[in-house]
Amino acid sequence: MNTQVSVAPGGRWSRFKTYSTIQRTLEIWGFVITFIFRTWLSGQKFSYKGGMTEEKKVLRRKVLAKWLKENILRLGPTFIKIGQQFSTRVDILPQEYVDQLSELQDQVPPFSSATALSIVEEELGASVDDIFDRFDYEPIAAASLGQVHRARLKGQEVVIKVQRPGLKDLFDIDLKNLRVIAEYLQKVDPKSDGAKRDWVAIYDECASVLYQEIDYTKEAANSELFANNFKNLEYVKVPSIYWEYTTPQVLTMEYVPGIKINKIQALDQLGVDRKRLGRYAVESYLEQILSHGFFHADPHPGNIAVDDVNGGRLIFYDFGMMGSFEERLAAQRKEKEELAAAAELGFKKPLTKEEKQEKKKQRLAAIGEDLLAISADQPFRFPATFTFVVRAFSVLDGIGKGLDPRFDITEIAKPYALELLRFREAGVEVVVKDLRKRWDRQSQAFYNVFRQADRVEKLAVIIQRLEQGDLKLRVRALESERAFQRVAAVQKTVGSAVAAGSLVNLATILYLNSLKTPATIAYTVCAFFSLQVLIGVIKVKKFDQREKLITGTA
């Protein structure tokens, strides 16, 4: 099978064992420093011929975003996976970068088949000929973390997923460098736009997911749990796991062939109902989130296939990246049990004001407690788990529209949302609750006739919501804006000073280790950051002078 690659990897990660940690570190930092410099240059007026305009800035960001994607592909598995995780982080990255990162293709050339065979034999403790009836030498698929070979085991067709050699060591080196970068960003990011970016927490999220993906026993356990959750649904199929032949670096599973869900012409030839498949894809995902609390975090077309069993069945692959709402689902189950117990007694215990508030919080948590105040001009940061959900629904919406031009994901999701939000009271309780609400409103209105006008009551409610944090009041103060601009300039200057100091140390170490060329490069970049420190100091002085003129203290 010929593997298609968007960009041929130019880095040395695929030959990891042939070069040192220093070489890999220099490769990473060369990429990082170049990206920082080009990002800085994009914000400088002198770099735009004919003057800087918003259209030119957007075009420059698009070019830089494409460069970023291509270099991520060259840097290999660690950066490809992190790039994919950032492909929905509109709360962190500009839209141009998100668009390019969403196109990252997790396909790279396969590694040597002889190497794959030696890994299988080492992990399983016997020769391939002794274990399998047949083992196909050429892989049928290859990705950044591993490749897949077909085989026959005890008369059954299987596939063997083999991890790339040296992947754990590569992750260790890459993530150590990325940790340093995250800590640096945490210190120098001025957050002047109000966004709550915790770069170290973002790094921890990414690192956790990466290390989980290279443990194939974890993926096998995820696969079995996923299959068990859908055991009563005929339109979902998950390949069975052969545990006896599975290790952290080798995964053996049932061979379940199918047609990729985005191959429209092939699906038509298969004779399946495309409209129904689109509905199945969304409904199965809603079941994962709302019923199971355990969902596939990477449902792109390469991980979902279709066969003609039961008139059209979804086949799910690759369970290395999964998401969970375990705590929230446990709380929902507990609430259901309490409501059922109360229904048996024929009445419900009156709730105190505090209990009502807590119930309201629980309901909000069930549909996303982390999304409290989102608007077009308000910065925010999604929790990592929710970004997986956003990405999945975005992909599923694209798949559905490809299968059926009239596909509407909101129509399919509506019954699930109503079920999630619907109060569970029934019969007389609903009537009593409605009457109580009406009585409360009438009593309050009668009271307001003698106390104050309705509009004053509304104002009191708004003030209460402000105090509770349900509403946020934005006040524009020019003095504060000027102060924030000065703080941002100071932090940028401090960041440049830190970078310059770090580069001086790096250059000195490289020079003492007889690496004169990298040392010269480091000294040159250090000079650039030193210039930024000088420019920053001048800007801060200008801010101070302007403030004195405005306030009349000059």
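Quick caveat: nothing in here was measured; it's all calculated off a predicted structure.

The rules behind the values
Residues numbered from 1 in each chain as written. Predicted model: local features only at pLDDT ≥ 70, side-chain atom pairs only at ≥ 80, totals over all residues. Heavy atoms only, no water. Helix = DSSP H or I, 4+ residues; strand = E, 2+ residues; numbered from the N terminus. Buried < 20%, exposed > 50% of the residue type's maximum accessible area, 1.4 Å probe, protein only. Contact = heavy atoms within 4.5 Å. Areas by Shrake-Rupley, 256 points an atom, 1.4 Å probe, with all protein chains shown as cover. Patch = residues over 30% accessible without salt bridge, like charges linked within 9 Å, V, L, I, M, F, W, Y side chains within 5 Å. Salt bridge = Lys/Arg side-chain N within 4 Å of Asp/Glu carboxyl O. Lys, Arg positive; Asp, Glu negative; His and termini not counted. Charge placed at Lys NZ, Arg CZ, Asp CG, Glu CD. 1 Å grid on protein atoms, 1.4 Å probe; cavity = no way out; pocket = protein on both sides within 12 Å on 5 of 7 lines; lining within 4 Å. Points joined across faces, edges and corners; volume = space filled by probe spheres on them. Axes fitted to C-alpha atoms, helices over the stretch in contact; angles between N-to-C directions. Parallel < 35°, antiparallel > 145°, perpendicular 65-115°, else oblique. Nonpolar A, V, L, I, M, F, W, Y, C, P; charged D, E, K, R; others polar. UniProt positions renumbered as here; feature names shortened; annotations may be inferred. Expected span 1.5 Å × (residues − 1). Polar contact = N/O pair within 3.5 Å; in protein donor to acceptor, adjacent residues only side chain to side chain. Pairing = 2+ DSSP bridges. Phe/Tyr/Trp six-rings, centres within 6.5 Å; stacked < 30°, edge-to-face > 60°. Arc of directions from axis to C-beta.

A. Seen up close, the overall build of the chain. Of regular secondary structure, the chain possesses 19 helices and eleven strands. Looking at the 554 residues of the chain, the share that counts as buried comes to 37%. Across the chain, every contact between residues at least 6 apart in sequence was considered, and the portion connecting residues at least 24 apart equals 68%. When the accessible surface of the chain is split by element, carbon and sulfur atoms take 56% of a total near 31900 Å².

B. Structural view of a positive patch on the surface. On the surface, a cluster of positive charge is contributed by Lys492, Lys539, Lys542 and Arg546. Here the positive patch gets three residues from one element, more than from any other, and that element is helix α19 (residues 516-551). Turning to its location among the elements, arginine 546 is positioned in helix α19. The exposure class of arginine 546 is partly exposed, given its relative accessible area of 42%.

C. Representation of empty space enclosed by the protein in the model. All chains considered together, the criterion is met by two cavities of 30 Å³ or more. Of the voids in this model, the second largest cavity is the one considered here, and its volume is about 40 Å³. Around the second largest cavity, the lining residues are Glu219, Ser223, Pro239, Ile241, Leu251, Met253, Phe316, Tyr317, Asp318 and Phe319.

D. Focus on the packing of helix α3 (residues 77-85) against helix α7 (residues 167-188). At a minimum axis distance of 9 Å, the contact between α3 and α7 shows a crossing angle of 60°. Considering their axes alone, α3 and α7 lie oblique with respect to each other. Two secondary-structure elements touch here, α3 through Pro77, Thr78, Phe79 and Ile82 and α7 through Leu167, Leu170, Phe171, Asp174, Leu175 and Leu178. Split into classes, the residues belonging to the contact of α3 with α7 amount to eight nonpolar, one polar and one charged.

E. Expanded view of the UniProt feature "transmembrane region" (unreviewed entry) in the chain. Taking the UniProt record as the reference, the feature "transmembrane region" (unreviewed entry) is found at residues 520-538. For residues 520-538, the end-to-end C-alpha separation is 28 Å, with 100% helix and 0% strand making up the annotated structure.

F. Structural context of the pattern of salt bridges. Tallying each qualifying case throughout the model produces 19 salt bridges. With a closest N to O distance of 3.1 Å, glutamate 157 and arginine 134 form a salt bridge. Separated by 23 residues along the polypeptide, glutamate 157 in strand β4 (residues 156-163) and arginine 134 in strand β1 (residues 134-135) bring together distant segments of the chain. With a relative accessible area of 21%, glutamate 157 lands in the partly exposed category. Across the salt bridge formed by lysine 161 and glutamate 219, the nearest N and O atoms sit 3.1 Å from each other. Separated by 58 residues along the polypeptide, lysine 161 in strand β4 and glutamate 219 in helix α9 (residues 216-229) bring together distant segments of the chain. Neither residue differs from the other here; lysine 161 and glutamate 219 are each classed as buried. Within the structure, one salt-bridge network assembled from shared partners comprises Arg134, Asp136, Arg150, Arg152 and Glu157.

G. Region of interest: helix α2 (residues 54-75). End to end, α2 covers 31 Å across 22 residues, agreeing with the expected 32 Å (1.5 Å per residue, within 8%). Of the surrounding elements, those touching the buried residues of α2 are α1 (21-42), α3 and α4 (95-101). Directly beyond the C-terminal end of α2, a positive phi value near 100° is found at glycine 76.

H. Molecular detail of the environment of proline 109. When you line up the elements, proline 109 lands in the loop between α4 and α5 (113-124). Overall, the relative accessible area of 39% leaves proline 109 in the partly exposed class. In sequence terms proline 109 and glutamine 147 are 38 residues apart; their C-alpha atoms lie 9.3 Å from each other.

I. Molecular detail of the side chain of glutamine 288. Mapped onto the fold, glutamine 288 is located in helix α11 (residues 274-292). Within polar-contact distance, the side chain of glutamine 288 engages the backbone nitrogen of histidine 296 at 2.8 Å. Setting aside residues no more than four positions away along its own chain, glutamine 288 makes contact with Phe226, Phe230, Gly293, Phe294, Phe295, His296 and Phe316.

J. Highlighting the pairing of strand β3 (residues 146-153). With respect to burial, β3 is a largely interior element, six of its eight residues being buried. Alignment of β1 against β3, held across two bridges, turns out to be antiparallel. For arginine 134, the partnering residue across the bridge sits in β3 and is arginine 152. Relative to β3, strand β2 (residues 141-142) runs antiparallel, the two sharing two bridges. For alanine 142, the partnering residue across the bridge sits in β3 and is glutamine 147.

K. Here's a closer look at the packing of aromatic side chains. Inspection of every chain in the model, using the stated rule, returns 13 aromatic pairs. Aromatic side chains phenylalanine 226 and phenylalanine 316 sit 5.2 Å apart centroid to centroid with 55° between the ring planes, which places their arrangement in the tilted category. Note that phenylalanine 226 is positioned in helix α9 and phenylalanine 316 in strand β10 (residues 313-316), a separation of 90 residues in sequence. For phenylalanine 226, a relative accessible area of 0% corresponds to the buried category. The class of phenylalanine 316 is buried, set by a relative accessible area of 3%. Grouping aromatic residues by their ring pairs yields a cluster made of Phe31, Phe35, Trp67, Phe79 and Tyr97.

L. Just α5, in detail. Counted at 1.5 Å a residue, the expected span for α5 with its twelve residues is 16 Å, and the 16 Å between its end C-alpha atoms agrees. Of the positions making up α5, those classed as buried are Ser113, Ala116, Leu117, Ile119, Val120 and Leu124. One face of α5 carries all of its buried residues, which in axial projection span an arc of 160°. Lining the buried residues of α5 we find α6 (128-131), β1, β3, β4 and β6 (250-254). N-capping of α5 is provided by serine 112, with a side-chain oxygen placed 3.2 Å from the backbone N of alanine 114.

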